[in-house]
Amino acid sequence: MKIISLTQYLVEQQRQHGNIPGQLRLLIEVVARACKRISISVNKGALGGVLGSAQTENVQGEVQKKLDIISNEVLIEANEWGGHLAALASEEMDTIHLVPNRYPQGEYLLMYDPLDGSSNIDVNVSIGTIFSVLKKADHEGVSERDFLQPGAQQVAAGYCVYGPQTMLVLTVGDGVAMFTLDREQGSWTLTQENVRIPEDTREFAINMSNMRHWDAPVKRYIDECLAGAEGPRGKDFNMRWIASMVADVHRILTRGGVFMYPWDKREPQKPGKLRLMYEANPMGFLVEQAGGAATNGRERILDIVPSKLHERVSVILGSKNEVERVTRYHLEATEEASK
Ligand code: P6P
């Protein structure tokens, strides 16, 4: 297999498509290097004294794990000096983080969830880093308002999954590429490009313990899947739920499936559990670039105009035909209700 490094891939993408100017290439390489450092801490586990709670809470009101804080700091330190960023935003911080004045400011905005799936850290189940890149509008200064762009404006997005292999999955708007960390070389090696999600699937991912709280369209869809070959779908379905979005999405990018974290009655004032800016948007961009679809049950996730940095959203993403079916059920229910 010809060894193509992340840098070579990015240089060739720039040559072919002109969509990775120098500052963006530096941003991606710096984030990829930070993910390597996070992977080293994650892999040390108890030996590195990094497991367990940090005894603090984040803006979401969630107890932070030590590795949440370590990962957030690694990404801040990695990105401050390069001159590519105007500011960054993290799930772990209330407000945006400006590049210190001692460094040059750049034109990009970086949003990330430094370590998604934290509940899995202490039980040794795959977790990941999710990131999204926007360009800042051309004006002086930067504020939270600069970040509030629809996901369709992303110039790059990706994740790093810390699993049996450490893999970096990336799109810059010309398909999805996967890189595997070669620990002996300490380098990201291209192991798959032009990733495609099968349009149909027999596998759904949802937290079934929430069934009694779901809205009717979700219940209708899952009931049909559970009815199997004798039911309206005429085929049996399998279920997976890793409770780590990065791991579930990686499986879907690799073999298809539909991932659902829908609105439910537990906290009706919240549109969903997952965050728009640094979970749903980057994953939605990747999934669409791989031929899949991503909606909130009623509209394309990448069309949603955010109103606040840590906005939550309902997420249905993956194999195109299944996402379209779930979305259709939602729209039919809305139409029914309006009669
Ligand atoms: P639940 C992890 O905390 C996360 O944000 C996603 O990675 C994951 O898909 C979801 O929440 C799991 O939520 O309610 O099943 O624990």
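What counts, and at which threshold
- One numbering rule holds for all chains: residues counted from 1, following each sequence as written.
- The model is predicted, so local features are restricted to residues of pLDDT at least 70 and side-chain atom pairs to those at 80 or more, both for listing and for counting; the totals for chains, interfaces and linings are taken over all residues.
- The side-chain figures draw on all heavy atoms in the structure; neither hydrogens nor water molecules are used.
- A fitted line through C-alpha atoms serves as each axis, taken over the contacting stretch for helices, and the angle formed by two N-to-C directions is quoted from 0 to 180°.
- Only DSSP runs of H or I covering at least 4 residues are called helices, and only runs of E covering at least 2 are called strands; the numbering of each starts at the N terminus.
- Working rule for angles: under 35 degrees goes down as roughly parallel, over 145 as roughly antiparallel, 65 to 115 as roughly perpendicular, anything else as oblique.
- Two helices that cross are described as forming a left-handed crossing if the nearer one is turned anticlockwise from the farther one by less than a right angle, and a right-handed crossing if clockwise.
- Every residue pair with non-hydrogen atoms within 4.5 Å of one another is taken to be in contact.
- Consider each residue's heavy atoms; a residue with any of them within 4 Å of a molecule or strand counts as near.
- Polar contacts here mean pairs of N or O atoms no more than 3.5 Å apart (in protein, one a potential hydrogen donor and the other a potential acceptor; neighbouring residues in sequence count only if both atoms are side-chain atoms).
- Within this scheme a cavity is a closed region of a 1 Å grid, computed over the protein atoms alone, that accommodates a 1.4 Å probe without allowing it to escape, whereas a pocket is open but has protein on both sides within 12 Å along at least five of seven lines; lining residues each have an atom within 4 Å of a point.
- For a molecule to be placed in a cavity or pocket, more than half of its atoms must lie within 2 Å of the grid points of that cavity or pocket.
- Throughout this entry, Asp, Glu, Lys and Arg are counted as charged residues, while Ala, Val, Leu, Ile, Met, Phe, Trp, Tyr, Cys and Pro are counted as nonpolar. The remaining residues, Gly among them, count as polar.
- Three exposure classes are used, based on accessible area relative to the maximum for each residue type with a 1.4 Å probe and protein chains only: buried under 20%, partly exposed in between, and exposed over 50%.
- DSSP bridges decide pairing: two strands pair if at least two such bridges lie between them.
- Grid points are joined across faces, edges and corners, and a volume is the space filled by probe spheres set on the points.
- We define a salt bridge as a contact between a side-chain nitrogen of Lys or Arg and a carboxyl oxygen of Asp or Glu at a distance within 4 Å.
- Put simply, a disulfide is two cysteine sulfurs that come within 2.5 Å.

A. Focus on the packing of helix H2 (residues 22-44) against helix H3 (residues 66-80). Packing of H2 against H3 brings their axes to within 9 Å, and their N-to-C directions diverge by 150°. Classified by the angle between their axes, H2 and H3 sit roughly antiparallel to one another. In this structure, H2 meets H3 at a crossing whose hand is right-handed. The residues of H3 that touch H2, namely those facing Leu 27, Val 30, Val 31, Ala 34, Arg 37, Ile 38, Ser 41 and Val 42, are Leu 67, Ile 70, Ser 71, Val 74, Leu 75, Glu 77, Ala 78 and Asn 79.

B. Fine view of the site of the ligand. Inspection of the region around the ligand gives 13 residues, with Asp 116, Asn 207, Trp 241, Met 245 and Tyr 261 positioned closest. In this structure, an oxygen atom belonging to the ligand sits 2.9 Å away from a side-chain N or O atom of Trp 241. At a separation of 2.6 Å, an oxygen atom of the ligand approaches a polar side-chain atom of Tyr 261. More than half of the atoms belonging to the ligand lie within 2 Å of the grid points that define the largest pocket. Mapped onto the shell around the ligand, the elements with two or more residues apiece are strand E13 (258-261) and strand E14 (274-275). Taken together, the residues that form the shell around the ligand break down as six nonpolar, three polar and four charged.

C. Structural view of the pairing of strand E8 (residues 166-171). Buried residues dominate E8, accounting for six of its six residues. On E8, burial covers both faces: Thr 166, Leu 168 and Leu 170 on one face and Met 167, Val 169 and Thr 171 on the other are all buried. Direction of pairing for strand E7 (residues 156-162) relative to E8: antiparallel, over a ladder of six bridges. By the bridge assignment, Ala 157 is partnered in E8 with Thr 171. Relative to strand E9 (residues 176-182), E8 is paired through five bridges, and the arrangement is antiparallel. Residue pairing in the sheet places Leu 170 in a bridge with Ala 177 of E9.

D. Just the layout of surface pockets, in detail. Here the largest pocket defines a volume of roughly 440 Å³. What lines the largest pocket is a set of 26 residues, among which Glu 62, Gly 117, Ser 118, Ser 119 and Lys 273 lie closest to the centre. Those elements that provide at least two residues to the lining of the largest pocket are strand E2 (63-65), strand E5 (108-116), helix H6 (245-255), E13 and E14.

E. Quick look at the pattern of salt bridges. This structure, assessed with the given rule, holds 21 salt bridges. A salt bridge links Lys 219 to Asp 223; the shortest N-O distance between them is 3.2 Å. Within this pair, Lys 219 and its partner Asp 223 are both found in helix H5 (residues 216-227), separated by four residues, close to a single helical turn. Of the residues examined, Lys 219 reaches a relative accessible area of 31% and is grouped as partly exposed. In this structure, Glu 332 and Arg 328 form a salt bridge, with 3.8 Å as the shortest nitrogen-oxygen distance. Within this pair, Glu 332 and its partner Arg 328 are both found in helix H8 (residues 320-338), separated by four residues, close to a single helical turn. For Arg 328, a relative accessible area of 39% translates into the label partly exposed. In the salt-bridge network here, residues are joined through shared partners; they are Arg 220, Glu 224, Arg 325, Arg 328 and Glu 332.

F. Region of the structure containing the packing of helix H1 (residues 6-17) against H2. Contact geometry for H1 and H2: axes closest at 11 Å, N-to-C directions at 160°. Considered as vectors, H1 and H2 are oriented roughly antiparallel to each other. Remark: the crossing between H1 and H2 carries right-handed chirality. Here Leu 6, Thr 7, Leu 10 and Val 11 of H1 lie close against H2, whose contacting residues are Arg 25, Ile 28, Glu 29 and Ala 32.

G. How the structure looks around the state of the cysteines. Here the structure, examined in full by the defined rule, presents zero disulfides. For the unlinked cysteine Cys 160, the closest cysteine sulfur is that of Cys 35, found at 4.4 Å. According to the relative accessible area criterion, Cys 160 is buried, its value standing at 0%.

H. Molecular detail of H6. With nine of 11 residues buried, H6 is to be regarded as a mostly interior element. Listed in full, the buried residues belonging to H6 are Met 245, Val 246, Ala 247, Asp 248, Val 249, His 250, Arg 251, Ile 252 and Leu 253. A positive phi of about 90° marks Gly 256, the residue just after H6.

I. Examining the sheet that holds strand E17 (residues 315-318) more closely. Overall, mixed pairing links the five strands, which are arranged E12-E11-E13-E17-E15 in an open sheet. The open sheet is flanked by strand E12 (238-239) and strand E15 (293-295), the only strands paired with a single partner. Strand direction decides the pairing type here: strand E11 (residues 203-205) and E12, joined by two bridges, are parallel. Bridge pairing links Phe 204 to Met 239 in E12.

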